[in-house]
Structures are given as C-alpha cells and as structure tokens.
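# Structural overview for review
Below, each chain spelled out in residue letters.
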Amino acid sequence: MKACVDKDACIGCGLCESICPEVFQLNDEGISEVIVDEIPQDLIESAKEAEAQCPTGAITIE
Ligand code: SF4
C-alpha cells in the first residue's frame, strides 16, 4: 500500500507525523510529505490511523 498527501489540503498540523513518523514528515515548508514508497506491513495500521485522524482529509492510503 502507498500513502499520498494532498499538499493543497494539508494545513501542516503535524498530527500524521506524530502518529506515524516512519511514513509522514513535515517538510521545510511545513507540509506533510510521505517518506516511503511502499508502506511497510507493520506500519499500515498506524498510517491508516493518520489517514483517519487528519483534520482536512489530506491523506489517502491505497
Ligand atoms: S494530519 Fe493532515 S493536515 Fe495535518 S500535517 Fe498531516 S496531512 Fe497535513
């Protein structure tokens, strides 16, 4: 599975990075970026939690 962040929707709250820092990191512009290609199996649950918690719905996991 892969994660995707809609840069236009992200408000840089940092929640995804706190929930799953192995997949999401805020970049120099304060916008979340996905730092892995494929989400490692053991991180999928946590990445999906970040998707569910993102206040603007900017994260897609598929
Ligand atoms: S939780 Fe959503 S809005 Fe907040 S930094 Fe992550 S992608 Fe951006």
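Scroll up to find the structure this text is about.
Figured I'd write up the structure that's included with this text. Please read all numbers here as calculations on a predicted model, not as lab measurements.

This part covers the site of the ligand. Lining the immediate surroundings of the ligand are 13 residues, of which Cys10, Cys13, Gly14, Cys16 and Cys54 lie closest. Here the residues of the shell around the ligand sort into nine nonpolar, four polar and no charged.

Counting across every chain of the model gives one salt bridge. Here Asp37 and Lys2 are joined by a salt bridge, their closest N and O atoms 3.1 Å apart. With Asp37 in the loop between β3 (32-34) and α2 (44-53) and Lys2 in the segment before β1 (3-5), this pair connects stretches of sequence that are 35 residues apart. Residue Asp37 is classed as exposed on the basis of its relative accessible area, which comes to 56%. Classification of Lys2 as partly exposed rests on a relative accessible area of 40%.

Rules used throughout
- Residues numbered from 1 in each chain as written.
- Predicted model: local features only at pLDDT ≥ 70, side-chain atom pairs only at ≥ 80, totals over all residues.
- Heavy atoms only, no water.
- Near = heavy atom within 4 Å.
- Nonpolar A, V, L, I, M, F, W, Y, C, P; charged D, E, K, R; others polar.
- Salt bridge = Lys/Arg side-chain N within 4 Å of Asp/Glu carboxyl O.
- Helix = DSSP H or I, 4+ residues; strand = E, 2+ residues; numbered from the N terminus.
- Buried < 20%, exposed > 50% of the residue type's maximum accessible area, 1.4 Å probe, protein only.

Without other data, these values stay purely geometric and don't point to any function.
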